[in-house]
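Single-letter residue listing:
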Amino acid sequence: DAGVIQSPRHEVTEMGQEVTLRCKPISGHDYLFWYRQTMMRGLELLIYFNNNVPIDDSGMPEDRFSAKMPNASFSTLKIQPSEPRDSAVYFCATRQVEGSPLHFGNGTRLTVT
Amino acid sequence: ILNVEQSPQSLHVQEGDSTNFTCSFPSSNFYALHWYRWETAKSPEALFVMTLNGDEKKKGRISATLNTKEGYSYLYIKGSQPEDSATYLCADREPAGTALIFGKGTTLSVSS
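K.L.:
Hey, could you go over the overall build of chain A for me, with residue numbers and the actual values?
P.N.:
Each helix and strand counted, chain A has zero helices and eleven strands in total. Principal-axis analysis of the C-alpha atoms gives chain A an extent of 40 × 25 × 25 Å. In chain A, the proportion of contacts linking residues at least 24 apart, taken out of those at least 6 apart, comes to 54%. Carbon together with sulfur atoms contributes 48% to the accessible area of chain A, which is approximately 5600 Å² in total. Separation between the mean location of the 11 positive side-chain charges and that of the 13 negative ones in chain A comes to 4 Å.

K.L.:
An account of the state of the cysteines is needed here, citing residue identities and associated values.
P.N.:
Residues and elements named next belong to chain A. Counted by the stated rule, this structure contains two disulfides over all chains. Each sulfur in the disulfide pair Cys 23 and Cys 92 lies 1.9 Å from the other. The sign of the -65° torsion about the S-S bond sets the Cys 23-Cys 92 disulfide as left-handed. Of this pair, Cys 23 sits in strand E3 (residues 19-24) while Cys 92 is found in strand E9 (residues 88-95), placing the two residues 69 residues apart along the sequence.

K.L.:
I'd love a proper account of the packing of aromatic side chains, names of residues and values included.
P.N.:
Within the structure shown, the criterion is met by 14 aromatic pairs over all chains. Arranged with centres 5.9 Å apart and planes meeting at 85°, the rings of Phe104(A) and Tyr36(B) form a pair that is edge-to-face. Taken together, the residues span two chains, with Phe104(A) in strand E10 (residues 103-104) and Tyr36(B) in strand E4 (residues 33-38). Judged by its relative accessible area of 8%, Phe104(A) falls in the buried class. Seen from their ring centres, Tyr36(B) and Phe102(B) are 5.5 Å apart, and the 55° between their planes marks the pair as tilted.

K.L.:
So what's going on with the sheet that holds strand E3 (residues 19-24) of chain B? Residues and values would help.
P.N.:
Residue and element names in this part refer to chain B. Taken in spatial order, the five strands of this open sheet run E1-E3-E8-E7-E6, and their pairing is antiparallel. Each edge of the sheet is formed by a strand with only one pairing partner; in this case those strands are strand E1 (5-7) and strand E6 (56-59). Across the sheet, the mean angle from the axis of one strand to that of its neighbour is 15°, orientation sign disregarded. Examined bridge by bridge, E6 and strand E7 (residues 62-67) share four bridges and lie antiparallel to one another. Each bridged residue has a counterpart across the sheet, and for Lys 59 the counterpart in E7 is Ile 62.

K.L.:
For the environment of Arg93(B), give the residues involved together with the corresponding values.
P.N.:
Structurally, Arg93(B) is set in strand E9 (residues 86-93). In this structure, the C-alpha to C-alpha distance between Arg93(B) and Lys69(B), residues 24 residues apart in sequence, is 16 Å. Residues contacting Arg93(B), with those up to four places away along its chain left out, are Glu98(A), Leu2(B), Tyr31(B), Ala32(B), Thr98(B), Ala99(B) and Leu100(B). A polar contact is formed between the side chain of Arg93(B) and the side chain of Glu98(A), at a distance of 2.2 Å.

K.L.:
How would you summarise the interface of chain B and chain A if you had to cite specific residues and measurements?
P.N.:
Of the residues lining the interface, 18 residues belong to chain B; the matching set on chain A comes to 21 residues. Of the roughly 1500 Å² buried where chain B meets chain A, counting both sides, 58% is carbon and sulfur surface. Among the salt bridges present, the one from Glu98(A) reaches Arg93(B), with a minimum N-O distance of 2.2 Å. Taken together, the connections running from chain B to chain A amount to seven residue pairs in polar contact (both at pLDDT 80 or more).

K.L.:
Please set out the sheet that holds E3(A) residue by residue, giving values where relevant.
P.N.:
Residue and element names in this part refer to chain A. In spatial order, the strands read E1-E3-E8-E7; together these four strands make up an open sheet with antiparallel pairing. The sheet is open, and its two edges are formed by strand E1 (5-7) and strand E7 (65-71), each paired on a single side. In this sheet, adjacent strand axes meet at a mean angle of 15° when their direction is disregarded. As defined by bridge partners, E3 adjoins strand E8 (residues 74-79) across five bridges and the pair is classed as antiparallel. Note on E8: the bridge partner recorded for Thr 20 is Lys 78.

Conventions used here
- Residues numbered from 1 in each chain as written.
- Chains lettered and ligands numbered in written order.
- Predicted model: local features only at pLDDT ≥ 70, side-chain atom pairs only at ≥ 80, totals over all residues.
- Heavy atoms only, no water.
- Helix = DSSP H or I, 4+ residues; strand = E, 2+ residues; numbered from the N terminus.
- Contact = heavy atoms within 4.5 Å.
- Areas by Shrake-Rupley, 256 points an atom, 1.4 Å probe, with all protein chains shown as cover.
- Lys, Arg positive; Asp, Glu negative; His and termini not counted.
- Charge placed at Lys NZ, Arg CZ, Asp CG, Glu CD.
- Disulfide = S-S within 2.5 Å.
- Phe/Tyr/Trp six-rings, centres within 6.5 Å; stacked < 30°, edge-to-face > 60°.
- Buried < 20%, exposed > 50% of the residue type's maximum accessible area, 1.4 Å probe, protein only.
- Pairing = 2+ DSSP bridges.
- Axes fitted to C-alpha atoms, helices over the stretch in contact; angles between N-to-C directions.
- Polar contact = N/O pair within 3.5 Å; in protein donor to acceptor, adjacent residues only side chain to side chain.
- Buried area = accessible area lost by both parts, 1.4 Å probe.
- Salt bridge = Lys/Arg side-chain N within 4 Å of Asp/Glu carboxyl O.

In structure tokens:
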């Protein structure tokens, strides 16, 4: 099992550009979560999916953020347009069932200049 | 909004010292308390999932206890080693759903 795979590992972009972060979950995991890590707020939940359906997106900071899960093998988090304050490490995590532990990807470090 | 608090924020101990830190969470509507270990340049890895009041779990030199009535969990490390240096996160399930809400972590530094 390759674990949760995120790409890219690092992304540097200019303010105003569109950014797309990608996540491939562990096969058979029904839940997928997007978290953002910053010094100020720690690990912050953005959105999560159950069986590809978005369940709670109340953590998405603004309309500039959107997430999709078109199938059980792939999810994207998009920021359009990006701003410097979006700079953070974005983690994708999955779990098999409710109550089981999360498995984290290696994260995408986003820098918006 | 669920509030998960961890203390202390950071801790520095000498090799061989035993140490512990605290996770506080709302005692009402409790479902499960998770502990994760996060080493620098890596991603968080699960240590324990605890569900029952009075639960105690152990993995090597690391153990955790749970008090759901008063809303706290302790993580203990016996005989700290430099490789224990990491940030230790706890997480509680959000009240209205099933996602985990994380505390800000306790960063442990163990010097030899």
